[in-house]
Amino acid sequence: MGLLGQLLYFSVHPNQLRSILQWKIWHDPVHTRDPKKESATLQECFKYLNMTSRSFSAVIQELNPELLVPVALFYLILRGLDTIEDDMTIPLETKEPLLRNFQHILEKDGWTFDGNAPTEKDRELLVHFDVVITEYKLVKPQYRAIITDITDKMGNGMADYANNAEHNVNGVNTVKDYELYCHYVAGLVGDGLTRLFVESKLANPALLKRPELAESMGQFLQKTNIIRDIKEDLDDKRRFYPKEIWSKHVDKFEDLFDPKNINVALNCSSEMVLNALRHADECLFYMAGIKDQSVFNFVAIPQSMAIATLELVFRNPEVYKKNVKITKGDACQLMMDSSTNLRTVCEIFKKYTRRIHKKNTPKDPNYLEISIACAKIEQFIESIYPTQDPKKLSLIHAGEIDPDVEKKKTQDSEAKKDVFFLLLAVVATLLVISALMIGAAYLAGARFDVAFNEIKKGNIFPKFDNGSEGPQTIVDQHDHGEL
C-alpha cells in the first residue's frame, strides 16, 4: 500500500491510526537494549534477529537483561534449524545429518552454511551463522545446556519428518501426527523457554510440573499459523492440514481451493480452529505463572495475536486465496493491551472468543463443539476473574456507589480520548495533504517567492477598485488577438 493508499485507509479508519500512534509515541518498554554495550558479533546477531522476525524481535529486545541474549540466540538457533528443514531444495542426504547433528554444530567455531536456495528468505542467517556460535559459547552454561537439549530434540524430530516419504508427498495424515509435528516445531520451544524462565528465577518453578501448559503455548501459536498459511503452504507444495480432518469435507486436498467448494472448505477450516481453541485456557493458566513483567509481555503478546488471528480466519473464505493477517493498527492495540496484566489478556481472549461464537453457524457440522469450546474459555476466565466483584456489589447494595454514575464516568472518559485522537488524526492527515499539494505546486512552477514578497508588503488580497485599469492591464497581457 502506497502513501496515498495509506492516507485514504487511515482517513476512514482513524482508530487504526490512533493505535499505531499510541504504540509509537507512548509505548514505554520495561527494559531497553543498549547496542553500545554489545560486541560486534552480538550486534550482528540482533541484525539477523530483526531480519528473520520483526514481531518476535521487538518483544525479545525488551526482555529482562538476564534473558535477553540467551532467548535471542535460542530463537536464532532454532530459526537456523527451521531454515534447513523448510528448504525443499536441499537433498535429504545433506539435510538429515545437518538436522540430527545441529546441537554439535553449535560447538564448531566458524561454521556457516550456504546450501540454501537463493530464494530462501532466511538464507543469510546460515551464511553468517558463525556470529551466532561465537555468542552462544559466551552464554551461561546452564542456559547453554537447555538450548542444546531442545536443539537436539527438535532437530531429530524434524529429521524424522524429512525422512518420512509419505509425509513429503501427502502431508500430515492423522490429527495425532499433526500434533506431534507441532510438538517438534513449537511445543519444544515452549518447553525450552519455560526452563529458561524458571532457571533465571523469572517464572514460577511449578510450571515445570505442568509441561502440558508450555506445550499448549507452542501448539496454539503453531496451529494458528498453519490455519492462516494454508494457501502459502500449498504454493510451496506443503500440506499441514491433517488428512483425517480435510478428508471429511473434500476428496482431494486441492478441492478446498475450488470456489464451488467454499462452504465445505469453510467447515474444514472451522474444524481446524476448533482444534486450536482447545489450548486457549491452558495458555492463560500458563501466563499466571510468570513473575517478571518483560517475560509476561514476551509470552502474552504472541498469544493475543494468535486468538485475534483465529477470529480473523474463522469462516473467512480469503484464507483460501491469500495469506490473511490482522491489520497493523489492531496489532499495535493488542501489543498495548497485552503489556499490562493477565486480566487484560483474559479480556482480549474473551472478546475474540465471543466474536468467533457470533460467526459460528448452525450449518457448520462442528457448530455445537465450537460453541462448547468458546463457552469453556469464557468459563475458565470467569473462574479466575469473576465479572461480579463482591466488594463492589457490597458498596452498591450499601448505596455508596451508583453503578449508572460510574458507568457514565467511564464512557465520558473514553469519549474524550476518542475525540482527542480523532482530531489528532485529522490534523495529521491535513498536514500531509497540504505538504503534498504545496510540493506539487512547487514542481509545477508556482512562484512562492513572489507570493512571499507580496505578503511582506501587506498585499494579502488583490486591491483593485471597480473600474480601475489594473484588471484590464492583466487581461491585455494575456489577450490572443487571433481569437
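Everything in this summary refers to the structure shown in the same document. (Residues numbered from 1 in each chain as written. Predicted model: local features only at pLDDT ≥ 70, side-chain atom pairs only at ≥ 80, totals over all residues. Heavy atoms only, no water.)

### Concerning the overall build of the protein
We apply this condition: Only runs of H or I of at least four residues qualify as helices and only runs of E of at least two qualify as strands under DSSP, and these elements are numbered from the N terminus. Each residue is assigned to one of three classes by its accessible area relative to the maximum for its type, calculated with a 1.4 Å probe on protein chains only: buried under 20%, partly exposed between the two thresholds, exposed over 50%. Under the convention used here, a 1.4 Å probe and the Shrake-Rupley method define accessible areas, while residue burial counts only the protein chains that appear.
Scanning the protein from N- to C-terminus turns up 25 helices and zero strands. Within the span of the protein, comprising 483 residues, buried residues form 43% of the whole. With the model as given, the accessible surface of the protein reaches about 26400 Å², and the carbon-plus-sulfur share is 56%.

### Some thoughts on a positive patch on the surface
Note the threshold: Nonpolar side chains (Val, Leu, Ile, Met, Phe, Trp, Tyr) within 5 Å and like charges within 9 Å form the patches, drawn only from residues with over 30% relative accessible area and no salt bridge. Throughout this description, the term salt bridge denotes a Lys or Arg side-chain nitrogen within 4 Å of a carboxyl oxygen of Asp or Glu. Charged residues are defined here as Lys and Arg on the positive side and Asp and Glu on the negative side; His and the ends of the chain fall outside this count. Working definition for charges: the position is that of NZ of Lys, CZ of Arg, CG of Asp or CD of Glu.
Judged by side-chain charge, Lys24, Arg54, Lys325 and Lys328 come together as a positively charged surface patch. Within the secondary structure, Lys325 is located in the loop between α18 (293–313) and α19 (328–338).

### What to know about a nonpolar patch on the surface
Side chains of Ile25, Trp26, Phe420 and Leu424 sit close together on the surface and give an oily, nonpolar patch of about 420 Å² of accessible area. Those elements giving two or more residues to the nonpolar patch turn out to be α2 (14–26) and α23 (403–443). Here Ile25 is to be found in helix α2.

### So, the packing of helix α12 (residues 175–199) against helix α13 (residues 211–228)
Here is the rule we go by: Orientation is described by lines fitted to C-alpha atoms, with helices fitted over the stretch in contact, and by angles between N-to-C directions that extend from 0 to 180 degrees. For classification, angles of less than 35 degrees are called roughly parallel, those exceeding 145 degrees roughly antiparallel, those between 65 and 115 degrees roughly perpendicular, and all remaining angles oblique. Throughout, a crossing is termed right-handed when the near helix is turned clockwise from the far one, and left-handed when it is turned anticlockwise from it by less than a right angle. Residue contacts follow a heavy-atom distance rule, with two residues in contact if any of their heavy atoms lie within 4.5 Å. Lys, Arg, Asp and Glu make up the charged group, whereas Ala, Val, Leu, Ile, Met, Phe, Trp, Tyr, Cys and Pro make up the nonpolar group; the residues left over, Gly among them, are polar.
Look at α12 against α13: their axes get within 7 Å of each other, and the N-to-C directions meet at 130 degrees. Classified by the angle between their axes, α12 and α13 sit oblique to one another. Both α12 and α13 take part in a crossing whose hand is right-handed. Between α12 and α13, the residues in contact are Tyr178, Glu179, Tyr181, Cys182, His183, Val185, Ala186, Gly187, Gly190, Asp191 and Thr194 and Ala214, Glu215, Gly218, Gln219, Gln222, Lys223 and Ile226, respectively. Along the lines of polarity and charge, the residues of the contact of α12 with α13 split into seven nonpolar, seven polar and four charged.

### Topic: the packing of aromatic side chains
The cut-off we apply is this: Two rings from Phe, Tyr or Trp (for Trp, the six-membered ring) form a pair when their centres are within 6.5 Å of each other. A pair whose planes differ by under 30 degrees is stacked, one over 60 is edge-to-face, and the rest are tilted. Charge-over-ring placement is defined geometrically: NZ (Lys) or CZ (Arg) within 6 Å of the ring centre, and within 35 degrees of the ring normal.
Counted by the stated rule, this structure contains 15 aromatic pairs. Summarising the aromatic geometry, the rings of Phe102 and Trp111 are spaced 5.9 Å apart at their centres and angled 90 degrees between planes, so their arrangement reads as edge-to-face. Look at Trp111 and you get buried, because its relative accessible area is 14%. Ring geometry for Phe220 versus Phe349: centroids 6.1 Å apart, planes at 25 degrees, classification stacked. Remark: Phe349 occurs in helix α20 (residues 342–359) and Phe220 occurs in helix α13; sequence separation between them is 129 residues. Taken together, the ring pairs in this structure connect Tyr241, Trp246, Phe253, Phe257 and Tyr320 into an aromatic cluster. One residue, Arg33, lies across the ring of Phe46, its end atom 3.9 Å from the ring centre.

### Regarding the environment of Val139
Along the chain, Val139 falls in the loop between α9 (130–136) and α10 (141–162). As a C-alpha pair, Val139 and Val69 span 70 residues in sequence and 7.7 Å in three-dimensional space. In this structure, Val139 is in contact with Val69, Pro70, Leu73 and Arg144, ignoring residues within four places of it in sequence.

### Thoughts on the pattern of salt bridges
Applying the stated criterion across every chain yields a total of 28 salt bridges. A salt bridge links Glu318 to Lys321; the shortest N-O distance between them is 3.5 Å. What emerges from the salt-bridge pattern is a single network uniting Arg79, Asp82, Lys121 and Asp122.

### Examining the packing of helix α5 (residues 65–86) against helix α6 (residues 92–100)
At a minimum axis distance of 10 Å, the contact between α5 and α6 shows a crossing angle of 160 degrees. Classed by the angle they form, the pair α5 and α6 counts as roughly antiparallel. In the crossing of α5 with α6, the sense of the turn from one axis to the other is left-handed. Mapping the contact onto sequence places Leu81, Ile84 and Glu85 in α5 and Lys95, Leu98 and Leu99 in α6. For the contact of α5 with α6, the residue count by class is four nonpolar, no polar and two charged.

### What to know about the nonpolar core
A general tendency of soluble globular proteins is for nonpolar side chains to be buried together. As a reminder of what qualifies: Among buried residues, those of type Ala, Val, Leu, Ile, Met, Phe, Trp, Tyr and Cys that are joined through side-chain atoms within 4.5 Å constitute a nonpolar core.
With 124 residues, the main nonpolar core has Phe102, Phe129, Phe197, Leu256 and Met287 as its most contacted residues. Apart from residues lying up to four places away in sequence, Phe197 is in contact with Leu67, Leu202, Ala203, Tyr286, Ile290, Val295, Phe298 and Val299.

### So, the environment of Tyr143
By secondary structure assignment, the location of Tyr143 is in helix α10. Taking relative accessible area as the criterion, Tyr143 reaches 2% and is therefore assigned buried. When near neighbours in sequence (up to four residues on either side) are disregarded, Tyr143 contacts Glu66, Pro70, Leu196, Glu199 and Ser200.

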